[in-house]
Amino acid sequence: MSKIIAVTGAGGYIGSVLVGRLLDAGYRVRALDRFYFGANTLDHYADRPALETRTIDIRDLTPRELEGCWGVIDLSGLSNDPSAEVDLRLTWEINEKGRIELARSAQKAGVERYVFSGSCSVYGAGGDEELGEDSELNPLTAYAQAAAKAEAAIRAMNRPGFTTVALRNATVFGLSPRMRFDLVVNVMTLSAFERGEIVVTGGGSQRRPIVHVQDVARAFLQALEADPAITGGEVFNIGLANFRMIELSREVERAMPTPVKVQFAPGDADKRDYSVKFDKARKLLGFSACADVSLGVREISRALQAGQVERGLVTRTVAWYRHLIKMQRVLDFGLVARSPAPAAAVAFPVAARQAERQEAARTGAPAAKDIRAGRPLLSLLAMIAVLFGIETEYAEDSFPLSDRAPNLARVLETVMTVMV
């Protein structure tokens, strides 16, 4: 019988690519995710009997969910530096504590191989030299700090029978079923496609290592299968090359099929500036990234031209998180609802309505139901628009992430709940 690999964050930008590679390699895959960016990201593999999908928050995972798994690849967590700043408490709760507890659960469940997805963001502002895995870390953001602490704790769990390895990924680019347009190459490509221009902030001298999403997925597969004597307790930088922002903008400009202008704007709140070495992964894992920037730009621009890729609010991670928090008011649920779907689709609007009514009672202001009288039709239209990826002036203001239900029946059920 094929080995089972559990992938947390399986519906995400990297996960939705990695799941396919694991299935093609002959593994059975247990895809674990809260699917707040949509369950349809794994639709391409729906007819593959070796895929099992479970909707669950990593904070609720126990050894039972990992029973029978030979390996775990952990891609979970709030996904980048800016998004982690949206709610710092949740960043630590999910990205550090949640991920460490996940590894402990895997160990208790008898998992033999554990691969942790880290980030080159832990290097922060690294000076002029290229940084290797043994270089001093300088994490500047909550995301990077949580990643560094979780990585260290999980690497320390390595022992015979439970091999742990960490990959520090460069900034990822390229086409994915769960598309993201908040990553530098991807957003430059989208801007070039939509407006014929790329805006570079902060002078363009900031350095970033980058890597294609397909290469990242391949690196995880190689780390999973590598000799434990080589990978146990180790960390590897995963990337293609280092670029300055101005260099990246020129790469995108050259790869676009239509003319593009590169413009500069002052200021950049992101202070990360570093370049890293990838020699260790090449020597010990036998891994080298091969997909260049132009390939990623061309595949994204072709998909945009053909209307095959979503580019609405859901593709911008920070905006989507803020959208969720705005509607949820954080309340008792935090950023991610703790109840299993489809109950979450009902719990979010119900909780929001309760909070609004309590506030109205306290302040004497009209209840939200009165304020929104006459809006049910607009709400219904906005829900359907969000369902099909169409943005309206009402869509962002009216519905939380959980309402992007995979079927219309659930959407209508949620609309009726909002109207109560």
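Scroll up a little and you will see the structure.
Residues numbered from 1 in each chain as written. Predicted model: local features only at pLDDT ≥ 70, side-chain atom pairs only at ≥ 80, totals over all residues. Heavy atoms only, no water.

Colleague: Hey, could you run me through the overall build of the chain in this one?
Modeller: When helices and strands are counted, the chain shows 16 helices and 14 strands. Here the chain, with 420 residues, has 55% of them falling under the buried criterion. Here the contacts in the chain between residues at least 6 apart in sequence split such that 79% fall between residues at least 24 apart. (Helix = DSSP H or I, 4+ residues; strand = E, 2+ residues; numbered from the N terminus. Buried < 20%, exposed > 50% of the residue type's maximum accessible area, 1.4 Å probe, protein only. Contact = heavy atoms within 4.5 Å.)

Colleague: Looking at this structure, how should I read helix H5 (residues 184-195)?
Modeller: Residues that lie three or four places apart on an α-helix share one face, since the helix turns once every 3.6 residues. Compared with an ideal rise of 1.5 Å per residue, which puts 12 residues at 16 Å, H5 spans 16 Å between its outermost C-alpha atoms and is within 8% of the ideal. Turning to H5, its buried residues number three or more, namely Val184, Val185, Asn186, Met188, Thr189, Leu190, Ser191 and Ala192. Against the buried residues of H5 lie strand S8 (171-173), strand S9 (197-201), strand S10 (207-212), helix H8 (245-255) and helix H10 (293-305). Looking one or two residues past H5, Gly196 carries a phi angle of roughly 70°, positive in sign. (Expected span 1.5 Å × (residues − 1).)

Colleague: Where do I start with the side chain of Thr163 in this structure?
Modeller: Structurally, the position occupied by Thr163 is in strand S7 (residues 163-169). What makes Thr163 buried here is its relative accessible area of 9%. Once residues within four sequence positions are removed from consideration, Thr163 is found in contact with Glu112, Arg113, Tyr114, Asn158, Pro228, Thr231 and Gly232.

Colleague: Please explain the packing of H5 against H10 as it appears in this structure.
Modeller: Look at H5 against H10: their axes get within 10 Å of each other, and the N-to-C directions meet at 45°. As the angle between them shows, H5 and H10 are arranged oblique. At the point where H5 passes H10, the crossing takes the right-handed sense. Facing Val185, Asn186, Thr189, Leu190 and Phe193 of H5, the residues of H10 in contact are Val293, Val297, Ile300, Ser301, Leu304 and Gln305. Among the residues making up the contact of H5 with H10, the classes are represented as 7 nonpolar, 4 polar and no charged. (Axes fitted to C-alpha atoms, helices over the stretch in contact; angles between N-to-C directions. Parallel < 35°, antiparallel > 145°, perpendicular 65-115°, else oblique. Left-handed = near helix turned anticlockwise from the far one by under 90°. Nonpolar A, V, L, I, M, F, W, Y, C, P; charged D, E, K, R; others polar.)

Colleague: Is there a simple way to explain H8 in this structure?
Modeller: Of the residues making up H8, those classed as buried are Met245, Leu248, Ser249, Val252 and Ala255. The arc that holds every buried residue of H8, seen down its axis, measures 130°, which confines them to one face. (Arc of directions from axis to C-beta.)

Colleague: Explain the packing of aromatic side chains to me, please; I cannot follow it from the model alone.
Modeller: A ring pair, where both rings are aromatic, is described by two values, the distance of the centres and the angle of the planes. The full count for this structure, using the stated rule, is 3 aromatic pairs. Between Tyr27 and Trp70, the ring centres sit 6.5 Å apart and the planes meet at 10°, which makes this aromatic pair stacked. Taken as a pair, Tyr27 in the loop between helix H1 (15-24) and strand S2 (28-33) and Trp70 in strand S4 (residues 69-74) lie far apart in primary sequence, 43 residues in all. The same class applies to Tyr27 and to Trp70, which are both buried. For the pair Tyr114 and Phe162, a centre-to-centre distance of 5.9 Å together with 50° between the ring planes defines the contact as tilted. Here Tyr114, found in strand S5 (residues 113-119), pairs with Phe162, found in the loop between helix H4 (142-155) and S7; they are 48 residues apart in sequence, far enough to count as distant. Just as Tyr114 is buried, Phe162 falls in that class too. (Phe/Tyr/Trp six-rings, centres within 6.5 Å; stacked < 30°, edge-to-face > 60°.)

Colleague: Looking at this structure, how should I read the sheet that holds S8?
Modeller: Within a beta sheet, neighbouring strands are joined by backbone hydrogen bonds and run either parallel or antiparallel to one another. Read across the sheet, 3 strands follow the order S8-S10-S12 without closing on themselves; strand pairing throughout is mixed. Single-partner strands in this sheet number two, and they are S8 and strand S12 (241-244). In this sheet, adjacent strand axes meet at a mean angle of 45° when their direction is disregarded. As judged from the 4 bridges shared by S10 and S12, these two strands associate in the antiparallel manner. Along S12, the bridge assignment pairs Ile210 with Ala241. (Pairing = 2+ DSSP bridges.)

Colleague: Hey, could you run me through the pattern of salt bridges in this one?
Modeller: Two side chains that carry opposite charge are able to pair once their charged atoms sit near each other. Applying the stated criterion to the full structure yields 18 salt bridges. Between Asp24 and Arg48 there is a salt bridge, with the nearest N and O atoms lying 3.0 Å from each other. Note that Asp24 is positioned in helix H1 and Arg48 in the loop between S2 and strand S3 (51-55), a separation of 24 residues in sequence. Between Arg254 and Glu251 there is a salt bridge; the shortest N-O distance is 3.2 Å. Taken together, the residues span about one helical turn, with Arg254 and Glu251 both in helix H8 at a distance of 3 residues. Residue classification places Arg254 among the exposed residues on the basis of a relative accessible area of 59%. In this structure Glu251 comes out as partly exposed when scored by relative accessible area, which is 24%. (Salt bridge = Lys/Arg side-chain N within 4 Å of Asp/Glu carboxyl O.)

Colleague: It is not clear to me how the environment of Arg89 should be interpreted in this structure. Could you clarify?
Modeller: Note that Arg89 resides in helix H3 (residues 88-108). When its relative accessible area of 47% is taken as the criterion, Arg89 is described as partly exposed. Each C-alpha atom, one on Arg89 and one on Ala142, is 9.7 Å from the other, the two residues being 53 residues apart in sequence. Polar side-chain contacts of Arg89 include one of 2.8 Å to the side chain of Glu93. (Polar contact = N/O pair within 3.5 Å; in protein donor to acceptor, adjacent residues only side chain to side chain.)

Colleague: Honestly, the sheet that holds S4 in this entry has me stumped. Any pointers?
Modeller: With parallel pairing, 7 strands are arranged side by side in an open sheet as S3-S2-S1-S4-S5-S7-S11. What marks the edges here is a single partner per strand, and that holds for S3 and strand S11 (235-238). In this sheet, adjacent strand axes meet at a mean angle of 20° when their direction is disregarded. When strand S1 (residues 4-8) meets S2, the two strands line up parallel, connected through 5 bridges. The residue bridging Thr8 from the neighbouring strand is Leu32, located in S2. Sheet strands in contact with helix H6 (residues 213-225) are S1, S4, S5, S7 and S11, and its direction is about 145° off that of S5.

Remember, this is a structural readout, not a statement about activity or role.
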